[in-house]
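The lines below spell out each chain.
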Amino acid sequence: MRFIRMKSGSRVKSPRSSTWARGRGSLQQNHWPQTVRGNLRIELTGSRLTMFINEALNQSIEISRIRWVEEDRIRLTISVSDFYRLKPLLRQTSSKVRIVGKRGVPFLLARLEKRRFFVGGILLFIILLFSLTSLVWSVEVEGNEKIPEREIRNLLKEEGVFIGQIKYRIPSNEEIQNRLTDKLSQATWVGFRMEGTRAVVTVVEKKRVEKKEEEDDRGPVDLVAGKDALIYDMYVKQGRAVVEVNDVVKKGELLVSGRYGDPETPDEGRIAGAQGRVMGRVWYESEVSVPLYQKRKIYTGNREKAYYPYVLSRVIRIPFLYPESFSRAETIQRVHGLRIRDWHLPLGWVEEKRMEMEFVKKKLAMKEAVAIGKERAKEDLLSRLGKEGRILEEKVLHPRVDHGKVVMKIHFDAVEDITRPQPILQGE
């Protein structure tokens, strides 16, 4: 019986031994170092394979996973560096070698090198996926009815919450909630949370106190005149009217009493409270000045378009690609965002339309200046009259030109609600 001497001193029986099953023998060793450095699975054929293995081990050539396939054919694993040392042994034993497999990190890197574009695409996809999941893709506001959504979004932007923001730059939920609650006086509570790439703000608004509830809180009232006026119209829902249409009243004068009883003893009787509306005729006088020379904007008709990409709400301008040829122009921008289904990506492009314009000076005629001044004064007065108020008549008094301006006084005859509530003291 012949033996093969191994590096460790152990012995493996020759395949010629009758006690060794052909095709089943193998020697297992720790082959992880070879896998890291790279190894080859080779097949040797020849009549002196036992001599070949003994000589290889004597020369400190690392071999593993020996497996006899036939009497004159064997397979084993060898490192790449030791493979080139087999040539003298192959000549000495008249053996032939054939590579049947390659394993290890070097061969894996070589295969990846051949497919570098595919590998680069996978890496780019992973980087993009990680980057996009680290951004805020949408901001949602819920629960608001009276508070404008734009106001809430502007406050969120001040706190660093907007589409395209990196999530780790956003302050803590509690910090944002406290700041928004302090800034939104119409809200009793504000909640904030991040759901993946979505920022959600929940607003709980203060309950609106109805006018009737306010009246109940302050108790029964009389209605008095808020300013000097001529009674134009009256609508008394509850209480006792003490004035009539066309009566002249002074500021603070009683219009509708909240007491029921004998008119001769107004301080006595049942207190019910007054409700209603008294419209009074009031006179206003406004002084307005209008420059005779007006600077107006006109468009020449020349237009041009430009397209710029934007990333994370920032427009990337390329001056040499779309140079601005107009010295004065009005710009209108239209944003086109990219999205994947319902997900809005923080990138896209901006279509910019520029319209050339010029400023020209035009001298107004006296009649035009008076019309402009009257319209301005009218708009200002209507904003103060309230919803029920209206202007009956206007009259321009003494227009004159003074230092390039038309100065005028405008007399207005208007109608407005002059009632003011005044609480009734129970001890009166």
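Residues numbered from 1 in each chain as written. Predicted model: local features only at pLDDT ≥ 70, side-chain atom pairs only at ≥ 80, totals over all residues. Heavy atoms only, no water.

As annotated in an unreviewed UniProt entry, the chain carries the name Sporulation protein YqfD and is attributed to Paludifilum halophilum.

Chemist: Could you give an account of the sheet that holds strand β11 (residues 229–238), naming the residues involved and the relevant values?
Modeler: Across the sheet, five strands lie side by side as β13-β11-β17-β23-β22; this open sheet has antiparallel pairing. Pairing within the sheet leaves two strands with one partner each, and these edge strands are β13 (248–249) and β22 (390–402). Judged from the 13 bridges that link them, strand β17 (residues 275–291) and strand β23 (residues 405–417) form a sheet pairing that is antiparallel. Considered in β23, the bridge of Pro291 is made with Lys405. (Pairing = 2+ DSSP bridges. Helix = DSSP H or I, 4+ residues; strand = E, 2+ residues; numbered from the N terminus.)

Chemist: I'd like a rundown of the sheet that holds strand β12 (residues 240–241), residues and numbers included.
Modeler: One open sheet accounts for four strands, arranged β12-β14-β10-β24; its pairing is antiparallel. Single-partner strands in this sheet number two, and they are β12 and β24 (419–423). Sheet topology places strand β10 (residues 221–225) next to strand β14 (residues 254–257); two bridges connect them, and they run antiparallel. Across the sheet, Leu223 pairs through a bridge with Val256, a residue of β14.

Chemist: Before we move on, can you summarise the confidence of the model for the chain with the specific residues and values?
Modeler: Averaged over all residues, the pLDDT of the chain equals 78, while 84% of them reach at least 70. Note on residues 209–215: pLDDT under 50 across the span, and three contacts to partners over four residues away in sequence or across chains. (pLDDT = per-residue confidence, 0-100. Contact = heavy atoms within 4.5 Å.)

Chemist: Lay out the environment of Leu385 with the relevant residues and their values.
Modeler: Within the secondary structure, Leu385 is located in helix α10 (residues 366–385). Residue classification places Leu385 among the buried positions, given a relative accessible area of 7%. The sequence separation of Leu385 and Ala414 amounts to 29 residues, and the corresponding C-alpha distance is 8.3 Å. Here Leu385 is in contact with Tyr284, Arg390, Ile391, Ala414 and Glu416, once residues within four sequence places are set aside. (Buried < 20%, exposed > 50% of the residue type's maximum accessible area, 1.4 Å probe, protein only.)

Chemist: Kindly report on the nonpolar core, identifying the contributing residues and their values.
Modeler: Counting 28 residues, the largest nonpolar core has Ile231, Val249, Leu255, Tyr284, Met408, Phe412 and Ile418 as its most contacted members. Setting aside residues up to four positions removed in sequence, Ile231 forms contacts with Val243, Glu244, Val245, Asn246, Asp247, Val249, Leu255, Val278, Met279, Gly280 and Ile418. Ranked by size, the runner-up nonpolar core spans 20 residues in total, among them Leu49, Ala56, Ile63 and Ile78. (Core = buried A, V, L, I, M, F, W, Y, C linked by side-chain atoms within 4.5 Å.)

Chemist: Describe in detail a nonpolar patch on the surface, supporting the description with residues and values.
Modeler: There is a patch of nonpolar side chains on the surface, built from Phe118, Ile122, Leu123, Phe125, Ile126, Ile127 and Leu129 and spanning about 720 Å² of accessible area. As for its placement among the helices and strands, Leu129 is situated in helix α6 (residues 116–132). Judged by relative accessible area, which is 46%, Leu129 ranks as partly exposed. (Patch = residues over 30% accessible without salt bridge, like charges linked within 9 Å, V, L, I, M, F, W, Y side chains within 5 Å. Areas by Shrake-Rupley, 256 points an atom, 1.4 Å probe, with all protein chains shown as cover. Salt bridge = Lys/Arg side-chain N within 4 Å of Asp/Glu carboxyl O.)

Chemist: Give a detailed account of the pattern of salt bridges, specifying residues and quantitative values.
Modeler: When charged atoms on two side chains of opposite charge get close, those side chains can pair. By the definition in use, this model includes 21 salt bridges. Measuring nitrogen to oxygen at the nearest pair gives 3.6 Å for the salt bridge that ties Arg193 to Glu142. One end of the pair, Arg193, is in strand β8 (residues 187–195); the other, Glu142, is in strand β7 (residues 138–142), and 51 residues separate them in sequence. You can call Arg193 partly exposed: its relative accessible area is 32%. Residue Glu159 is joined to Lys183 by a salt bridge in which the shortest nitrogen-to-oxygen separation is 2.9 Å. With Glu159 in the loop between α7 (149–158) and α8 (173–183) and Lys183 in helix α8, this pair connects stretches of sequence that are 24 residues apart. Owing to a relative accessible area of 8%, Glu159 belongs among the buried residues under this scheme. Look at Lys183 and you get partly exposed, because its relative accessible area is 41%. One network of salt bridges, in which partners are shared, links Glu43, Glu70, Arg73, Arg75 and Arg98.

Chemist: Run through α10, naming residues and quoting values.
Modeler: Look at α10: 29 Å from first C-alpha to last across 20 residues, which is about the 28 Å you get at 1.5 Å a residue. Regarding α10, the residues found buried are Ala369, Val370, Gly373, Ala377, Leu381 and Leu385. Down the axis of α10, the buried side of the element spans an arc of 135°, and every buried residue falls inside it. Facing away from the buried side of α10 by over 90 degrees, the exposed positions are Glu379 and Ser383. In this structure, the buried residues of α10 make contact with β17, β22 and β23. Of the residues one or two after α10, Gly386 is the one with positive phi, at around 90°. (Expected span 1.5 Å × (residues − 1). Arc of directions from axis to C-beta.)

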